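Chain by chain, the residues run as shown.
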Amino acid sequence: MLTRLTSGRLRKNTWQPLLALLLGLLGGGVRAQTTTATGPPPDSANVVLVTIDGLRWQELFDGADARLLHRDPRYRTLRSRYMWPTAADRRAALLPFLWDSLAPRGQVLGNRALGNCQDVANHRRVSYPGYNELLTGAPDDQRISGNRGIYNPNQTVLEYLNRQPGVAGRVAAFASWEAFPFILNQPRSGLPVDAGLDGRERPDSLTYQAARRYLLRARPRVLFIAFGNTDTQAHAGRYAEYLDATRAIDSYLADLWATLQALPQYRGRTTLLITTDHGRGRGRLWSQHGRELLASGQTWLAAIGPGVPATGEARTPGQHYQGQVAGQVARCLGLDYPAPPAGALTGVVTATAAP
Ligand SMILES: [Zn+2]
C-alpha cells in the first residue's frame, strides 16, 4: 500500500491559479507550535475522527452509479442492493447511518451538485499527502510528495493534542493502512498507532474491532480511525466491492455512534468527524486518483456532535478545504490548533463541545 499511486495519462492540470491562491491562504504549514489555547480545555469533551480512504463524493451524495455497476456480471443481484430511482434512496442504501442518523442531526459538506465544495490543496491527490494535509492543517507537496514510507516531518493535530494538559496520553490511532506509523511519526509523537497487519493492509472490520475494544478499555478523548478497504477495491476496479466496503464502514460508524451514546463519558460530549484523504476520477476514470486527475482533489466532510449545528446537508454554495479538519478536531475539545494562517476557515464546529 505504500506504493499506492495512480497511473495513466490523464488530463492536464488546469487549476494551478486556484491552487496558488489556496496555498496562499493555507501556507506556512504547522511549524509554529507555540500558540496557546484560548482557555482551559473542557475536560469532558471527546472527538472521534474517521477517514474513509478515497470514497468519492459522487457515491456519498448520489449513491451507486448505475453506469459503473452495470458492468458487473452480478448486476441483477447488485441492483437490488444499491440501485433505487432517486439519489436520496440510493445514498441511504449505501450509507444508511450517515444519511438517516447523522445528517438530520449534523452536517454533510461537499455536494458539488449543489455548489458546496471541499477540496484538498495538495497537488499530489494521493493518500499520504491527503492525510498529511487533513491531519496537520496544510499541504506539504515538497516533502510529502507521495506514499513513500518516510516519517512525517510535520506535527499532526493528534501529536499536538497528545501534549495538551488533560488530553495527553488519551489520544490513539487505529488504521487499516500500514503507513500510519509514518504519517503520524509514531517514534517522535509517541502516539499509540495500531496500523496494518503483518506489514500489510488490514481488513477494515479488524481495524474497527481493535478501535472499539480500545475505546471501551482505555476511554480515549481523541480517537482516530482510518479505514482503507474502499481505496484498495477501487484501485482494483471492483466497483461492487468498493460499494460493499463503503456500506460495511457505515455499519461500523453506526455501531461506533451507538457505543459512544451508551457510555456516560461520551454521550452528548463527543463529536464525530468523518472525511476522506482524496477523491477519485469521474466516469471511466473512477478507480484512479492522482496528480493529473483534477476531480480526485474533491473531498467531503460529515460531522455530528454537541458543537455542530444540525443544519444537515449543505445545500448552499460554499468552499471548504481539507486543511480545515485539523483545526476542527482541536476545536471539538475547545482548543485552538496552531494552524496555518487560515483563521477565516472556521469550518462546521462552532462551539466548544462540552455541555
Ligand atoms: Zn487514499
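Data block above holds the structure.
Residues numbered from 1 in each chain as written. Predicted model: local features only at pLDDT ≥ 70, side-chain atom pairs only at ≥ 80, totals over all residues. Heavy atoms only, no water.

Section: the overall build of the chain
Now for step 1: Summing up its helical and strand segments, the chain has 14 helices and 11 strands in all.
Now for step 2: Counting across all 355 residues of the chain, residues that qualify as buried make up 58%.
Now for step 3: Here the contacts in the chain between residues at least 6 apart in sequence split such that 75% fall between residues at least 24 apart.
Now for step 4: About 13800 Å² of surface is accessible on the chain, with carbon and sulfur atoms providing 53% of the total. (Helix = DSSP H or I, 4+ residues; strand = E, 2+ residues; numbered from the N terminus. Buried < 20%, exposed > 50% of the residue type's maximum accessible area, 1.4 Å probe, protein only. Contact = heavy atoms within 4.5 Å. Areas by Shrake-Rupley, 256 points an atom, 1.4 Å probe, with all protein chains shown as cover.)

So, the sheet that holds strand β8 (residues 298-299)
In a beta sheet, neighbouring strands are held together by backbone hydrogen bonds and run either parallel or antiparallel to one another.
Now for step 1: Read from one edge of the open sheet, three strands run β8-β3-β11, paired in mixed fashion. In this open sheet, the two edge strands, each paired with only one partner strand, are β8 and β11 (318-321).
Now for step 2: Note that strand β3 (residues 116-119) and β11 share four bridges and pair parallel. Of the residues in β11, the one forming a bridge with Gln118 is His320. (Pairing = 2+ DSSP bridges.)

What to know about the environment of Leu335
Now for step 1: With respect to the helices and strands, Leu335 occurs in the segment after α14 (324-331).
Now for step 2: Separated by 171 residues in the primary sequence, Leu335 and Gln164 place their C-alpha atoms 9.1 Å from one another.

A short note on helix α4 (residues 75-82)
The periodicity of an α-helix, 3.6 residues per turn, causes residues three or four places apart in sequence to face the same way.
Now for step 1: What α4 keeps buried is the set Tyr75, Leu78 and Tyr82. What you see down the axis of α4 is that its buried residues fit within an arc of 65 degrees, all on one side. Among the exposed residues of α4, those pointing more than 90 degrees away from its buried face are Arg76 and Ser80. (Arc of directions from axis to C-beta.)

A closer look at the pairing of strand β7 (residues 270-275)
Now for step 1: The buried count for β7 comes to six of six residues, which makes it a mostly enclosed element.
Now for step 2: Here β7 shows a buried face lined by Thr270, Leu272 and Ile274 and a second buried face lined by Thr271, Leu273 and Thr275.
Now for step 3: Of the strand pairs in this sheet, strand β1 (residues 46-52) and β7 are connected by six bridges, and their pairing is parallel. Looking at β7, one finds that Val47 is bridged to Thr271.
Now for step 4: Pairing geometry for β7 and strand β9 (residues 301-304), over four bridges, is antiparallel. The residue of β9 that forms the bridge with Leu272 is Ile304.

Observations concerning the pairing of β9
Now for step 1: Side chains Leu301 and Ala303 of β9 all project onto a buried face; the interleaved residues Ala302 and Ile304 project onto the opposite face, where all are buried too.
Now for step 2: Judged from the three bridges that link them, strand β2 (residues 107-109) and β9 form a sheet pairing that is antiparallel. Looking at the pairing, Leu109 lines up with Leu301 of β9.

With respect to helix α11 (residues 204-218)
Now for step 1: Counted at 1.5 Å a residue, the expected span for α11 with its 15 residues is 21 Å, and the 21 Å between its end C-alpha atoms agrees.
Now for step 2: Within α11, the full set of buried residues consists of Asp204, Thr207, Tyr208, Ala210, Ala211, Tyr214 and Leu215. When α11 is viewed along its axis, its buried side chains cluster within an angular range of 165 degrees and face the same direction. Relative to its buried face, α11 has exposed residues pointing more than 90 degrees away, namely Arg213 and Arg217.
Now for step 3: In this structure, the buried side of α11 is in contact with β4 (171-175), β5 (193-195), β6 (222-227), α12 (229-235) and α13 (239-261).
Now for step 4: With its phi angle positive at about 50 degrees, Arg219 sits one or two positions after the end of α11. (Expected span 1.5 Å × (residues − 1).)

Observations concerning the environment of Gly323
Now for step 1: Within the secondary structure, Gly323 is located in the loop between β11 and α14.
Now for step 2: For Gly323, a relative accessible area of 9% translates into the label buried.
Now for step 3: As for Gly323 and Leu135, which are separated by 188 residues in sequence, their C-alpha atoms are 7.4 Å apart.
Now for step 4: Once you skip the residues sitting within four places of it in the chain, Gly323 turns out to touch Glu133 and Gly137.

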